[in-house]
Amino acid sequence: MKMALKCADIGHITLPPDVHLLWVQSLQAEFYKQGDLERKNKAPISFLCDKKKPRNGPAYGENQLGFIDVICEPMYEAWVKMFPSCEELLKSLQENRRYWEGESTSNREGVFIHTNVVVTDV
């Protein structure tokens with residue numbers, strides 16, 4: 001049961017790339033908001049929450065690759081061993097990983113797609 005909840009918690013990594021990127025944008029906004037509050041309160045700024053550091057935050061390829069390689073892919077590989085009918089989740093995760101491999105070598109300042117979705121108080 002715990003593993004099912006964790007897979008659901010990080011499930012955005014298995015969504016189609018355009019939907020996954022919306023989640024990443026929301027996460028980046030949330031992380032940066034937390035970092036701003038920590039800075040304002042003179043607290044240590046948490047990992048990936050400091051928008052003043054270069055290439056820091058969830059919307060950078062190298063950070064997503066670390067998250068996928070260390071947490072997501074091993075978890076979904078184990079999940080698929082127990083539930084082979086969930087193979088499509090792992091395939092979607094691997095598709096998103098390929099996307100982030102390309103982004104990790106780009107010079108862009110994070111991934112922000114243009115949508116009509118506005119992220120406010122996350």
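Details of the structure are given in the entry above.
Structure report, in brief. (Residues numbered from 1 in each chain as written. Predicted model: local features only at pLDDT ≥ 70, side-chain atom pairs only at ≥ 80, totals over all residues. Heavy atoms only, no water.)

A few words on the pattern of salt bridges. One pass over the full model with this rule turns up 7 salt bridges. A salt bridge links Lys 6 to Asp 9; the shortest N-O distance between them is 3.2 Å. With a gap of 3 residues between them, Lys 6 and Asp 9 both fall in helix H1 (residues 2-9), about one helical turn apart. Given a relative accessible area of 53%, Asp 9 falls into the exposed group. Among the ionic pairs, Lys 51 bridges to Asp 36, the shortest N-O distance being 2.8 Å. Here Lys 51 is found in the loop between helix H2 (17-40) and helix H3 (61-82), whereas its partner Asp 36 is found in helix H2, with 15 residues between them in sequence. Overall, Lys 51 belongs to the partly exposed group, its relative accessible area being 45%. Note on Asp 36: relative accessible area 29%, which makes it partly exposed. In this structure, a network of salt bridges that share partners links the residues Asp 36, Arg 39, Asp 50 and Lys 51. (Salt bridge = Lys/Arg side-chain N within 4 Å of Asp/Glu carboxyl O. Helix = DSSP H or I, 4+ residues; strand = E, 2+ residues; numbered from the N terminus. Buried < 20%, exposed > 50% of the residue type's maximum accessible area, 1.4 Å probe, protein only.)

All we've got here are geometric facts, nothing functional implied.
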